[in-house]
Amino acid sequence: MPKGYWVAHVDVAEMGRYKDYVSANGPVFADYGAKFLVRGGQKEVREGQMRSRTVVIEFKDFATAKACYDSVAYQDAKALRDPVSAGDMEIIEGYGE
């Protein structure tokens, strides 16, 4: 079964308050077996325009990726992020196994 992924591109306006979101989302991601593949880090944009941070999170499958996002616990954590950042995020099914 293909894995599921969150792919997010984020601009953070207040890193101090954004860290509250990071702290709050840790237990949620642990509950859903999430694994960070990319979390910020050095990058070089070669085409188009991107936001300042890129995050890629892997889940065991697409359904689990969606369930994590839709969970009350994640939505509570997300409420800490929303006022201090702007971003684009998609949940996508991986290719193959």
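Residues numbered from 1 in each chain as written. Predicted model: local features only at pLDDT ≥ 70, side-chain atom pairs only at ≥ 80, totals over all residues. Heavy atoms only, no water.

The chain is annotated in an unreviewed UniProt entry as DUF1330 domain-containing protein of Leisingera caerulea.

### A short note on the overall build of the chain
As a reminder of what qualifies: The way it works is that DSSP assigns letters per residue, a run of H or I at least four long becomes a helix, a run of E at least two long becomes a strand, and they are numbered from the N terminus. Only the C-alpha atoms count toward the radius of gyration. The rule for a globule is 2.2 Å times the residue count to the power 0.38. Note on exposure labels: buried denotes an accessible area under 20% of the residue type's maximum, exposed denotes more than 50%, and partly exposed covers the range between, all computed with a 1.4 Å probe on protein chains only. By definition in these notes, contact holds between two residues if any of their heavy atoms fall within 4.5 Å.
Check the secondary structure of the chain and you find three helices and four strands. Mapped in sequence order, the helices and strands of the chain form the string β-α-β-β-α-α-β. Since a compact globule built from 97 residues should have a radius of gyration of about 13 Å, the 13 Å found for the chain is in line with a globular shape. Across its three principal directions, the C-alpha atoms of the chain cover 35 × 35 × 15 Å. Across the 97 residues of the chain, 33% fall into the buried class. For the chain, the share of sequence-separated contacts (at least 6 apart) that also reach a separation of at least 24 residues comes to 77%.

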